Amino acid sequence: MDFLIMNDMGFPILSALIFLPLAGALILLCIPGDTAAKNWTMLVTVITALVSLPLYWNFDATTAKYQFGEHASWISALNINYTLGLDGISLLLVLMTTLIMPLCVLGSWRYIDKRVKEFMICLLLMETSMLGVFMALDFILFYLLWEAMLIPMYLLIAVWGGPRKVYASIKFFLYTLAGSVLLLVAIIGLYLDQGTFSIPALMGQDYSTTFQIVVFLAFFLAFAIKVPMFPFHTWLPAAHVEAPTAGSVLLASILLKMGTYGFLRFCLPITPEATLAFVPYILWLSVIGILYGGFTALAQQDMKKLIAYSSVGHMGFVTLGIFVLNQQGLEGALLQMINHGITTGALFFCVGMIYERTHSRELDSAAGLGRYMPVYVSFLAFFSLSSLAFPGTNSFVGEFMILVGGFTSNKVVAACAIPGAILAAAYMFRMLQRVVWGRPVNPDHSGISDLNIREMVTLAPLLFFVFWIGLSPEPFLKVMHVSVSHLIEQVGGVTGGEAVSIAKLMIP
Amino acid sequence: MKLMLFAPELVLLLGSLVLFLVSTGKVGGQKARAVTLSLALVNVLVCLVCLRQEGSLFFDAYRIDFFSQLIKLIISAGFAVVLLFSSELKGIDDEVRPEYYLFLTLSTLGLVMLVSSVELLTMFIALELSSYSLYLLVPMRDDRTGLRMQMESAIKYILFGVVATGVMLFGMSYLFGLTGTTYLVDLLPRLHQMMSSPAALIAIAMVLGGFFFKLAVFPFHSWVPDVYQGASNETTAFIASVPKVAAVAMLIRLTAMATPEGQAIVTLLIVLSVCSMFYGNLVALVQTDIKRMLGFSGIAHAGYVLLGLVTMQEVGYAASLYYIVGYLIMNLAGFLVICKVSEQGENLSVDDLTGLHARSPLLALTLAVSMFAMAGIPPFVGFMGKFMLLTGAYKAGHLPLVILAAINTAISIYYYLSVVRVTYSAGSEDRPAVVVGGVAKAVSVVLVLVIIAMGLLPDQLLQLATEAVRAVL
């Protein structure tokens with residue numbers, strides 16, 4: 001247990017975060033009435049968010065160990081434990097999850113008008129499993145929550161989704177599940193090798209290269225589908241377009257991060273040799289993803305699809321940052337995960353707000369809204385600028401760090417990723433131009449109302465973070481420094497010169 | 001205290017006699033049901049009381065150990081649950097209902113006796129007592145469609161069943177011929193000395209065949225889809241769940257015979273397991289009748305269960321036992337919904353479940369939980385059971401089998417999900433709400449809770465299963 005600093009806050013804060021939404025969901029079962037259900041869910045998510053804040057103040061940024069640890073025996077026959085902990089990699093993801101949840105509830109306030117209670121229960125169950133995934137330090141606990149999350153997410157799309165919800169939800173479920181069945185086999189393989197399911201205990205062990213490569217491939221398939229990396233991305237646009245606003249936001253902001261979190265938490269430290277061997281391929285896949293996502297987004301008429309494809313591009317940047325395997329790249333990737341969560345989440349909220357008013361997500365029918373919704377388009381403009389990594393916004397810092405990392409490690413790959421940033425500007429400005437200044441073609445927008453207070457409250461915190469991270473990223477970066485250096489040690493510490501030179505040979 | 005050793009069987013036996021008397025008079029189905037239900041509940045209690053009994057009866061042909069008593073408890077509980085939720089017995093004519101309950105009880109009696117049998121002839125008689133009662137239950141369905149589908153199913157069931165029995169008897173005759181005894185206790189050591197001879201292997205394989213038939217393992221599966229479809233919903237609920245527990249229990253007893261030099265048996269089990277999984281899952285993909293679909297899924301699940309048997313180790317056997325108990329519960333939950341949604345006992349197609357969430361939210365939830373559990377999605381028991389099976393098989397060095405089983409999980413999710421999909425999609429609004437009685441509601445809530453509890457907290461039950469398996473080895 002030398003990797004775990006036990007929690008000394010007087011109460012099990014991580015368990016509280018996991019079980020608060022779950023308890024809230026159970027109590028919600030007995031609460032009648034739609035408005036009461038909304039209020040209750042709001043209350044639960046806000047309390048969860050407030051409970052999570054002390055994590056930041058009490059986090060010790062000088063150690064790479066897992067903090068706020070909790071440990072209890074769960075299934076003794078197989079040495080499975082209930083182990084929770086946070087380090088610099090997961091801390092920000094947990095905070096982002098708890099902070100985005102109340103906004104999701106707010107954003108669904110009017111959008112969801114049938115079966116409100118069930119919707120809210122699904123949201124709360126999602127929160128439990130998402131938080132659990134980021135906190136779990138036991139492989140089975142992780143896998144259980146990772147899979148269990150599919151059920152509420154599937155229902156969110158399949159019940160409250162758009163016209164093609166059946167196709168989209170089944171595709172989402174099948175893709176993600178098919179990816180993770182071999183993950184389970186890999187987990188069992190690791191367990192039989194080491195006799196433990198404890199994730200930190202499995203790191204840095206002396207596995208044979210073949211074993212590492214097999215395990216890495218099983219991991220990679222599961223996480224690459226979740227990210228999603230090109231060519232596993234086809235479920236994403238379908239799911240995003242059909243999901244309700246809150247579903248899209250959860251999907252973009254948090255679920256996609258689980259893929260990259262998986263790379264950071266499992267692939268790199270558990271199978272370092274295999275990681276080094278596969279680096280060139282993954283870097284090129286990332287570049288393809290960046291360019292492909294950008295070009296496809298440029299051609300979209302549906303705003304949600306546009307943002308969905310832009311996610312493919314942005315997540316390509318994240319995987320690029322992760323697999324250049326240096327401090328700037330990894331920290332940039334981690335920060336970019338948060339940025340993407342904030343910005344893309346906000347953009348999905350924005351699209352949802354138009355959809356509530358015009359019942360269309362087509363760029364053409366949204367054209368010219370700027371005349372009637374000045375407040376709305378100001379928000380939209382800032383978030384779009386953030387999405388294309390405009391200096392002064394959060395994504396600029398992240399992408400810049402990733403590119404710096406990229407250029408230090410491999411100039412060709414990094415140079416190939418640059419057009420991605422230009423493409424992002426192109427598709428975002430295309431959307432902005434249409435929505436803000438485009439002439440209204442068919443419907444008459446004159447009766448349309450601007451954002452109300454609730455909607456502004458939904459977007460304002462996200463905008464606040466856009467500028468905070470953009471102008472002063474240090475508070476966010478400082479918590480990850482030590483953990484990221486430790487991670488690099490874990491990957492590099494075991495390497496001979498051999499694997500690196502393979503990587504160099506592969507890419508001129 | 002010999003009476004206590006035999007108490008569960010005695011309760012069922014006396015109950016059958018009472019039901020026999022009842023069936024000779026002019027008594028309606030409801031009264032017969034009340035008798036049977038109270039009998040079943042008493043039997044569960046008696047099984048609980050007798051859980052820790054140990055001993056042997058009838059010239060050692062009948063052994064009472066923790067293994068047998070635990071399985072008896074599970075079988076009795078399954079029997080009681082089926083009775084609890086099949087309150088209306090929609091598919092059966094009222095005038096044959098007393099007989100229906102009589103044969104259902106006799107079948108349970110046969111299963112309960114089966115798991116204690118440690119002598120070949122006793123085993124055979126117990127198995128046939130249970131099988132023949134089941135054969136009779138199938139044609140009792142009323143002939144509403146005019147197609148006499150239930151007769152066709154019954155004929156198929158009995159023909160396949162008799163062939164499987166024949167195969168098993170043939171195998172038993174080999175065992176007797178090789179060893180000169182029918183007692184497993186004497187038979188085992190003698191058999192171990194001749195494990196290299198093909199005759200011994202063939203004998204064991206043939207005896208296993210009889211139980212493969214019950215469990216619906218490929219290639220003894222062909223009765224499944226037709227019988228599931230032809231029998232009334234309540235009958236199928238019983239056939240699909242309870243006898244399979246006994247079959248797995250007996251398979252554990254018998255495969256334990258093959259160790260330690262049973263490599264050929266292991267290979268056979270692996271092949272059958274892979275065939276069952278792929279055949280069951282692939283064919284289930286295209287089914288429209290939900291009972292047929294569950295039938296094929298049952299074949300696939302039989303394949304998963306064999307994953308535990310191929311390990312030839314205590315862990316594997318315990319995992320198999322755990323999985324089949326979990327399967328019993330998820331299956332009962334699924335059939336509960338089918339029985340309740342079917343208005344007059346007719347068969348349901350998957351599309352008939354459209355919009356179920358609006359007609360009965362509780363049933364929709366139960367069905368969804370049951371389907372997700374069978375697909376092996378956490379936090380339900382299907383996942384935990386499958387995880388243990390995979391771990392056990394991987395540990396025993398059957399990595400390719402583990403990978404194939406994992407791939408099968410991915411295949412199977414499609415058809416389970418399509419049931420959930422229609423359940424939660426908007427249906428036609430004109431359909432009336434499903435009437436669910438208080439008891440059935442309570443049963444479905446309990447089943448859902450057990451499915452979740454077994455998925456999240458398997459420790460206790462796994463220890464029980466391990467302890468039980470240890471009693472056999």
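Within each chain, residue numbers correspond to sequence positions counted from 1 in written order. As a convention, the first chain written is A and the first ligand written is 1, with the rest following in written order. Local features in a predicted model are, by the rule used here, given only for residues with pLDDT of at least 70; side-chain atom pairs are given and counted only at 80 or more, and totals for whole chains, interfaces and linings are based on all residues.

### Considerations on the overall build of chain B
Point 1. Runs of E in the DSSP output that reach at least two residues are strands. Runs of H or I that reach at least four are helices, and both are numbered from the N terminus. Check the secondary structure of chain B and you find 20 helices and two strands.
Point 2. As a reference, a globule follows 2.2 Å times the number of residues to the power 0.38, and the radius of gyration itself is taken over C-alpha atoms. Its C-alpha radius of gyration of 21 Å places chain B within 12% of the 23 Å reference for a compact globule of 473 residues.
Point 3. A principal-axis box enclosing the C-alpha atoms of chain B has dimensions of 70 × 55 × 40 Å.
Point 4. Contacts in chain B between residues far apart in sequence, at least 24 positions, make up 81% of those at least 6 positions apart. We call two residues in contact when the distance between their C-beta atoms, placed using the backbone, is within 7 Å.

### Points about the overall build of chain A
Point 1. Across its full length, chain A carries 22 helices and three strands.
Point 2. What you see for chain A is a C-alpha radius of gyration of 22 Å, in line with the 23 Å of a compact globule of 508 residues.
Point 3. C-alpha extents for chain A along the principal axes are approximately 65 × 60 × 40 Å.
Point 4. With 508 residues in all, chain A has 61% of them scored as buried.
Point 5. Partitioning the contacts of chain A with sequence separation of at least 6, the portion at a separation of at least 24 is 81%. With C-beta atoms placed from the backbone, the exposure class of a residue follows from how many other C-beta atoms lie within 10 Å of its own: 20 or more, buried; 12 or fewer, exposed; in between, partly exposed.

### A short note on the sheet that holds strand β2 (residues 66-75) of chain A
All names here are of chain A.
Point 1. If you trace the three strands from one edge of the open sheet to the other, you get β1-β2-β3, paired in mixed fashion. Single-partner strands in this sheet number two, and they are β1 (4-6) and β3 (80-86). Between one strand axis and the next, the sheet turns by 50 degrees as a mean value, whatever way the strands run.
Point 2. As defined by bridge partners, β2 adjoins β3 across six bridges and the pair is classed as antiparallel. Bridge pairing in β3 links Ala72 to Tyr82. In this scheme, strands are said to pair when DSSP sees at least two bridges between them. Axis geometry follows a simple rule: fit a line to the C-alpha atoms, using only the stretch in contact for helices, then measure angles between N-to-C directions, giving values from 0 to 180 degrees.

### Quick word on the confidence of the model for chain B
Point 1. Scored from 0 to 100, pLDDT records how confident the predictor is in each individual residue. In this model, chain B carries an average pLDDT of 86, and 98% of its residues clear a pLDDT of 70 or more.
Point 2. With pTM at 0.90, the complex prediction returns an ipTM value of 0.88.

### Section: the pairing of β2(A)
All names here are of chain A.
Point 1. In this structure, β1 lies alongside β2, joined through two bridges in parallel fashion. Looking at β2, one finds that Leu4 is bridged to Tyr66.
Point 2. As consecutive antiparallel partners, β2 and β3 are separated by four residues, and within that stretch Asn79 has a phi angle of approximately 55 degrees, a positive value.

### Structural notes on the interface of chain B and chain A
Point 1. In this complex, chain B contributes 25 residues to the contact, which on the side of chain A involves 25 residues.
Point 2. Put simply, the parts of the chain that give the side of chain B that touches chain A at least two residues each are α17 (381-395), α18 (399-423) and α20 (459-472) of chain B.
Point 3. Broken down by element, the residue count for the side of chain B that touches chain A peaks at 10 residues, all from α18(B).
Point 4. Put simply, Ala, Val, Leu, Ile, Met, Phe, Trp, Tyr, Cys and Pro go in the nonpolar bin, Asp, Glu, Lys and Arg in the charged bin, and everything else, Gly too, in the polar bin. Its residues placed into classes, the side of chain B that touches chain A shows 18 nonpolar, four polar and three charged.

### Regarding the environment of A:Gly85
Residues and elements named next belong to chain A.
Point 1. By the secondary structure assignment, Gly85 is in strand β3.
Point 2. Through-space distance from the C-alpha of Gly85 to that of Ser15 is 10.0 Å; in sequence the pair is 70 residues apart.
Point 3. Other than its neighbours up to four places away in sequence, Gly85 contacts Leu4, Tyr66, Gln67, Phe68, Gly69, Met135 and Leu137.

### Notes on the nonpolar core
Point 1. Formed by 377 residues in total, the largest nonpolar core has its most connected members in A:Phe219, B:Val245, B:Leu321, B:Leu390 and B:Ile451.
Point 2. Here this core gets 21 residues from one element, more than from any other, and that element is helix α14 (residues 314-341) of chain B. In this description, a nonpolar core means buried residues of the types Ala, Val, Leu, Ile, Met, Phe, Trp, Tyr and Cys, linked to one another by C-beta atoms lying within 7 Å.

### Details of the environment of A:His359
Residues and elements named next belong to chain A.
Point 1. As for its placement among the helices and strands, His359 is situated in the loop between α14 (327-358) and α15 (363-366).
Point 2. Judged by local crowding, His359 falls into the exposed class, with 9 C-beta atoms found within 10 Å.
Point 3. Separated by 110 residues in sequence, His359 and Ile469 place their C-alpha atoms 33 Å apart.

### Considering α17(B)
Point 1. By definition here, a helix of n residues has an expected span of 1.5 Å times n minus one. Compared with an ideal rise of 1.5 Å per residue, which puts 15 residues at 21 Å, α17(B) spans 21 Å between its outermost C-alpha atoms and is within 8% of the ideal.
Point 2. A positive backbone phi angle near 90 degrees is found at B:Gly397, which sits one or two residues after α17(B).

### Quick look at the packing of helix α10 (residues 235-242) of chain A against helix α13 (residues 303-323) of chain A
Residue and element names in this part refer to chain A.
Point 1. Running from amino to carboxyl end, α10 crosses α13 at an angle of 140 degrees, the nearest separation of the two axes being 9 Å. In this structure, α10 meets α13 at a crossing whose hand is right-handed. For the pair α10 and α13, contact is made by Leu236, Pro237, His240 and Val241 and by Lys304, Lys305, Ala308, Tyr309, Ser311 and Val312, respectively.
Point 2. Broken down by class, the residue content of the contact of α10 with α13 amounts to six nonpolar, two polar and two charged. Helix crossings are classified by the rotation of the near helix relative to the far one: an anticlockwise turn of less than a right angle makes the crossing left-handed, while a clockwise turn makes it right-handed.

### Some points on helix α4 (residues 66-85) of chain B
Point 1. When the terminal C-alpha atoms of α4(B) are compared, their 29 Å separation across 20 residues agrees well with the 28 Å that a helix rising 1.5 Å per residue should span.
Point 2. Most of α4(B) sits out of view: 18 of its 20 residues are buried.

### Looking at the packing of α14(A) against helix α17 (residues 394-409) of chain A
Residue and element names in this part refer to chain A.
Point 1. Where α14 contacts α17, the two axes come as close as 8 Å, and the packing angle between them is 155 degrees. With respect to their mutual orientation, α14 and α17 come out roughly antiparallel. Both α14 and α17 take part in a crossing whose hand is left-handed. Residues Gln328, Gly329, Glu331, Gly332, Ala333, Leu335, Gln336, Asn339, Ile342 and Thr343 of α14 form the contact with α17, whose own contacting residues are Asn394, Ser395, Val397, Gly398, Glu399, Met401, Ile402, Val404, Gly405, Gly406, Thr408 and Ser409.
Point 2. Here the contact of α14 with α17 is composed, by residue class, of seven nonpolar, 13 polar and two charged. When an angle is under 35 degrees it counts as roughly parallel; over 145 it counts as roughly antiparallel; between 65 and 115 it counts as roughly perpendicular; any other value is oblique.

### Remarks on unusual backbone geometry
Point 1. In this model, B:Phe218 is joined to B:Pro219 through a cis peptide bond whose omega is 0 degrees.
Point 2. Residue B:Pro379 follows B:Pro378 across a cis peptide bond; omega there is 5 degrees.
Point 3. Counting through the fold element by element, B:Pro379 comes out in the loop between α16 (361-375) and α17.
Point 4. A positive phi is found at A:Arg115, a non-glycine position, where the angle reads about 50 degrees.
Point 5. Along the polypeptide, A:Arg115 turns up in the loop between α3 (91-107) and α4 (116-135).
Point 6. The phi dihedral of B:Met312 is positive, around 55 degrees, even though this residue is not glycine.
Point 7. Overall, B:Met312 belongs to the buried group, with 20 C-beta atoms counted inside 10 Å.

### Description of the confidence of the model for chain A
Point 1. Within chain A, residue pLDDT values average 87, and 95% of them lie at 70 or more.
Point 2. Note on residues 493-508 of chain A: pLDDT is under 50 here. Beyond four places in sequence and across chains, it has 20 contacts.

### Structural notes on the environment of A:Phe295
Point 1. Residue placement: A:Phe295 occurs in helix α12 (residues 272-298).
Point 2. The class for A:Phe295 is partly exposed, based on 16 C-beta atoms found within 10 Å.

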